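Structural characterization, general
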Amino acid sequence: MEFTIDTEQQSLVQAVRGLVGKTYDSSEARRAVTKAEPGFAAWDQLAEMGVLSLPFEATAAEVSLAAEELGRVIAPDPFVESIVLAGGLINSVGTDEQKSELVDAIAEGQTLPVLAWLEPNRGWSAQAVSVTYSDGKLNGVKSTVVQADRADLLVVSAAVDGGTGLFLVTDGYATETERTHDGSRAATVTFSDTPAVALGDGGDALAALEHALNLARIAYAHEALGAMAVALDITVGYLKTRKQFGVTLNKFQALTFRAADMYVELELARSAITWATIVAADEGSTPEDVAAAASHAALQVARAGRHIALDAIQLHGGIGMTAEYSVGHYASRILAIGQMIGDETFHLDRLAARIDDHTVLDPIG
Amino acid sequence: MRLQLSPEDQKFREEMREFFTTQIPERIRSKVIARQELSKEEMVESQQILNAAGLAVPGWPLEWGGKDWSQLQRHIWHEEMQLAGVPQPLAFNASMVGPVIANFASQELKERFLAKTANLDIWWAQGFSEPDAGSDLASLRTTAVREGDEYVVNGQKTWTTLGQYGDWIFMLVRTDPAAPKKQQGISFLLIDMTTPGVTVRPIELIDGGFEVNEVFFDNVRVPVGNLVGEENAGWTYAKFLLGNERVGIAQVGASQRHLATAKEIAKERGVLDRFASRIVSLESELLALETTALRVAAHSDGGKPHPASSVLKIKGSVLIQAVSELLMDIEGPAATTSWNSRVFLNNRKVSIFGGSNEVQRTIIAGTILGL
């Protein structure tokens with residue numbers, strides 16, 4: 001049983017950390033990037049370094065390690081949305097021809113795909129209802145679609161006879177884009193008789209879509225984990241240096257206890273989220289195993305993430321509220337990830353539906 | 001769920017599971033699973049079966065019956081015992097006084113006590129806390145004054161768990177009231193509880209049970225040969241012992257098993273739907289805790305305990321409490337007269353003993369976060 005990472009993985013971590021640490025070397029640098037279009041700046045270098053090919057060539061462990069590093073600097077680049085999720089689906093569902101045409105281009109950063117799966121007022125349901133496909137055309141509305149404006153290619157889930165199919169769209173749709181609170185971009189995308197090509201055979205791909213979403217949730221959870229760890233570091237540093245009433249804040253037990261509780265949550269989150277990656281990376285895991293693991297990871301983001309993000313702001317006091325200081329950016333990003341991967345109720349319901357699968361839930365197989 | 005053990009550890013786990021579920025009598029294990037109180041005889045019987053198989057004191061030095069196991073194997077041993085409903089070897093013997101004697105006492109004391117301690121032929125009680133020395137243990141005031149080849153002990157101990165069964169008690173006593181630091185004047189002494197002047201008074205707890213006691217010492221004469229290690233060096237041994245006490249305090253296996261019981265009961269009563277979300281929520285937290293315990297165990301070999309062991313104490317106790325709360329809630333109004341509500345009340349103790357959770361937060365803030 002291994003919780004430590006090997007030397008090759010260690011080098012991957014160092015390389016990604018070096019790269020994104022240069023691009024986003026401060027909160028100010030990140031803020032400047034997210035204010036301009038398209039809102040991210042490390043994409044080409046990530047492609048060059050091979051990070052964008054990880055979901056196609058490596059295991060969930062490497063994907064998670066990279067995601068965690070992106071989370072540590074809250075890189076706004078859409079690695080999970082575009083590469084793990086949209087790229088992952090193209091790689092798993094696409095025809096041989098589609099794969100050979102698209103996967104390398106995605107890994108090299110030439111094509112940026114995003115998945116349009118969420119529909120207005122339908123929570124995190126993966127079943128397409130409002131967007132429908134027939135006769136080569138899509139109709140309906142998708143929202144929220146991260147980075148839809150910047151994307152070269154949309155992968156769209158749509159209702160077909162007998163389920164939810166996946167389609168590729170490059171043109172003929174309208175977007176209404178807004179800034180997200182964490183500095184990204186998200187759009188409402190309207191399709192009206194939009195020409196679309198089936199991804200793979202165009203039949204029901206709900207299972208593949210769910211599986212890709214679950215892998216993305218685990219990667220996202222690692223991004224959140226990286227951000228949580230740094231949010232705590234920043235907070236601890238602040239408590240040691242900031243003076244009030246003539247002494248540094250760490251002289252106040254009420255504050256150090258709250259920091260200790262943040263640490264407890266962080267370590268437990270690290271355990272559950274790492275465990276989810278181990279499940280995802282194991283070839284013996286069924287899609288149901290991965291779904292449950294993703295829900296456990298997502299629950300940690302919902303709970304530990306909120307706890308750490310919000311207490312980080314509280315322990316900073318007023319400065320934590322300002323956009324000129326880093327900790328608020330971290331909180332904002334952690335919360336955004338939580339909203340994208342599903343909230344506590346959603347994941348508890350998913351797990352409750354399988355409550356009879358086991359007597360004792362044991363992390364060891 | 002594939003956090004894979006190595007083939008050797010997997011085999012080890014299966015052997016433990018096989019032994020615990022076949023060799024420890026069903027009548028004892030089912031009582032543990034139903035969370036009922038065991039009699040002294042049942043605890044002794046169970047520990048003696050374990051000891052005969054070399055499974056009672058694996059953490060001790062090899063020559064005194066220990067095993068050369070990895071931390072992970074010790075963790076697996078511990079978890080499997082709990083999952084099978086096997087009463088754990090009496091902590092006072094197996095993880096507290098035994099290791100102290102084995103590591104610090106004279107050869108004579110080792111030969112006199114260790115085998116009987118492992119086999120629970122002697123039932124040990126712990127004489128640490130006093131009315132004015134709880135978490136601030138070093139403030140203890142019970143004195144031992146040397147007269148010739150005897151110490152004369154006077155004072156009062158409290159929270160002596162299961163002291164009513166105790167044959168012997170291991171004590172922290174003040175031997176040098178003038179020491180410059182209060183930690184420096186403390187010694188570690190072994191006292192036969194049948195010695196004249198020792199009085200045990202049970203304390204009734206909020207659950208109606210009697211598991212803790214006050215122990216009074218009135219001019220109790222103890223041979224100096226019963227001193228462990230050096231005079232006035234007792235604090236060092238106590239810290240060693242308290243470090244052991246925290247290991248395994250998270251009780252994840254027991255919480256997992258109780259949660260499985262809760263699921264069964266909820267199903268029988270037709271209320272599973274109402275409680276399903278709460279059950280899976282606790283399962284998820286226990287999963288995170290168990291994985292944390294595995295991380296700690298995997299990284300503890302050959303070194304100091306992982307600093308995150310305070311995380312296990314805090315979260316482990318909170319989850320023990322939450323699971324017993326769930327069992328009580330599933331019963332509804334019937335809980336007012338049931339065993340489950342008493343267990344719920346009794347479990348308030350787990351965030352207090354072994355270094356209260358507030359003490360653990362102080363440790364995390366100071367030692368880990370550097371605050």
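Everything quoted here is computed from the prediction, not taken from an experiment.

1. A short note on the overall build of chain B
Scanning chain B for helices and strands turns up 12 helices and eight strands. Relative to the compact-globule value of 21 Å for 371 residues, chain B shows a C-alpha radius of gyration of 21 Å, a close match. Based on the C-alpha atoms only, the size of chain B along its principal axes is roughly 70 × 50 × 50 Å. Partitioning the intrachain contacts of chain B with sequence separation of at least 6 by distance along the chain shows that 72% fall at a separation of at least 24. Accessible surface, chain B as shown: approximately 15,400 Å² in total, 52% of it carbon and sulfur.

2. Section: the overall build of chain A
Counting its regular elements, chain A contains 12 helices and 10 strands. In terms of overall dimensions, chain A has C-alpha extents of about 75 × 50 × 40 Å along its principal axes. The burial tally for chain A puts 59% of its 365 residues in the buried class. Once local pairs closer than 6 in sequence are excluded, the contacts in chain A between residues at least 24 apart make up 75%. About 14,300 Å² of surface is accessible on chain A, with carbon and sulfur atoms providing 49% of the total. Treating the 25 positive side-chain charges of chain A as one cloud and the 49 negative ones as another, the clouds have centres 12 Å apart.

3. Here's the deal with the nonpolar core
Generally speaking, nonpolar side chains in soluble globular proteins are found buried as a group. The biggest cluster of nonpolar side chains holds 160 residues, and the ones touching the most others in it are Leu46, Phe79, Leu115, Leu138 and Leu166 of chain A. Ile28, Trp60, Ile76 and Phe113 of chain B belong to the second-largest nonpolar core, a separate cluster that totals 62 residues.

4. Some thoughts on the interface of chain A and chain B
Facing the 46 residues of chain A at the interface are 48 residues of chain B. Together chain A and chain B conceal approximately 4,600 Å² of surface at their shared face, both sides included; 67% is due to carbon and sulfur atoms. For the pair chain A and chain B, the number of links is six salt bridges. Across the pair Asp356 of chain A and Lys267 of chain B runs a salt bridge whose closest N-O atoms are separated by 2.9 Å. Elements supplying a minimum of two residues to the side of chain A that touches chain B: helix H8 (206-241), helix H9 (253-281), helix H10 (287-316) and helix H12 (344-352) of chain A.

5. Focus: the environment of Ala276 of chain A
All names here are of chain A. Along the polypeptide, Ala276 turns up in helix H9. Between the C-alpha atoms of Ala276 and Ile308, which are 32 residues apart in sequence, the distance is 20 Å. Contact partners of Ala276, with chain neighbours within four places excluded, come to Ile218, Ala293 and Ala297.

6. What to know about the confidence of the model for chain B
Predicted coordinates in regions of low pLDDT should not be interpreted in detail. Across chain B, the average pLDDT comes to 92, with 96% of residues at 70 or higher. Both confidence scores are given for the complex: pTM 0.93, ipTM 0.94.

Rules behind the numbers
Residues numbered from 1 in each chain as written. Chains lettered and ligands numbered in written order. Predicted model: local features only at pLDDT ≥ 70, side-chain atom pairs only at ≥ 80, totals over all residues. Heavy atoms only, no water. Helix = DSSP H or I, 4+ residues; strand = E, 2+ residues; numbered from the N terminus. Rg over C-alpha atoms; globule rule 2.2 N^0.38 Å. Contact = heavy atoms within 4.5 Å. Areas by Shrake-Rupley, 256 points an atom, 1.4 Å probe, with all protein chains shown as cover. Buried < 20%, exposed > 50% of the residue type's maximum accessible area, 1.4 Å probe, protein only. Lys, Arg positive; Asp, Glu negative; His and termini not counted. Charge placed at Lys NZ, Arg CZ, Asp CG, Glu CD. Core = buried A, V, L, I, M, F, W, Y, C linked by side-chain atoms within 4.5 Å. Buried area = accessible area lost by both parts, 1.4 Å probe. Salt bridge = Lys/Arg side-chain N within 4 Å of Asp/Glu carboxyl O. pLDDT = per-residue confidence, 0-100.

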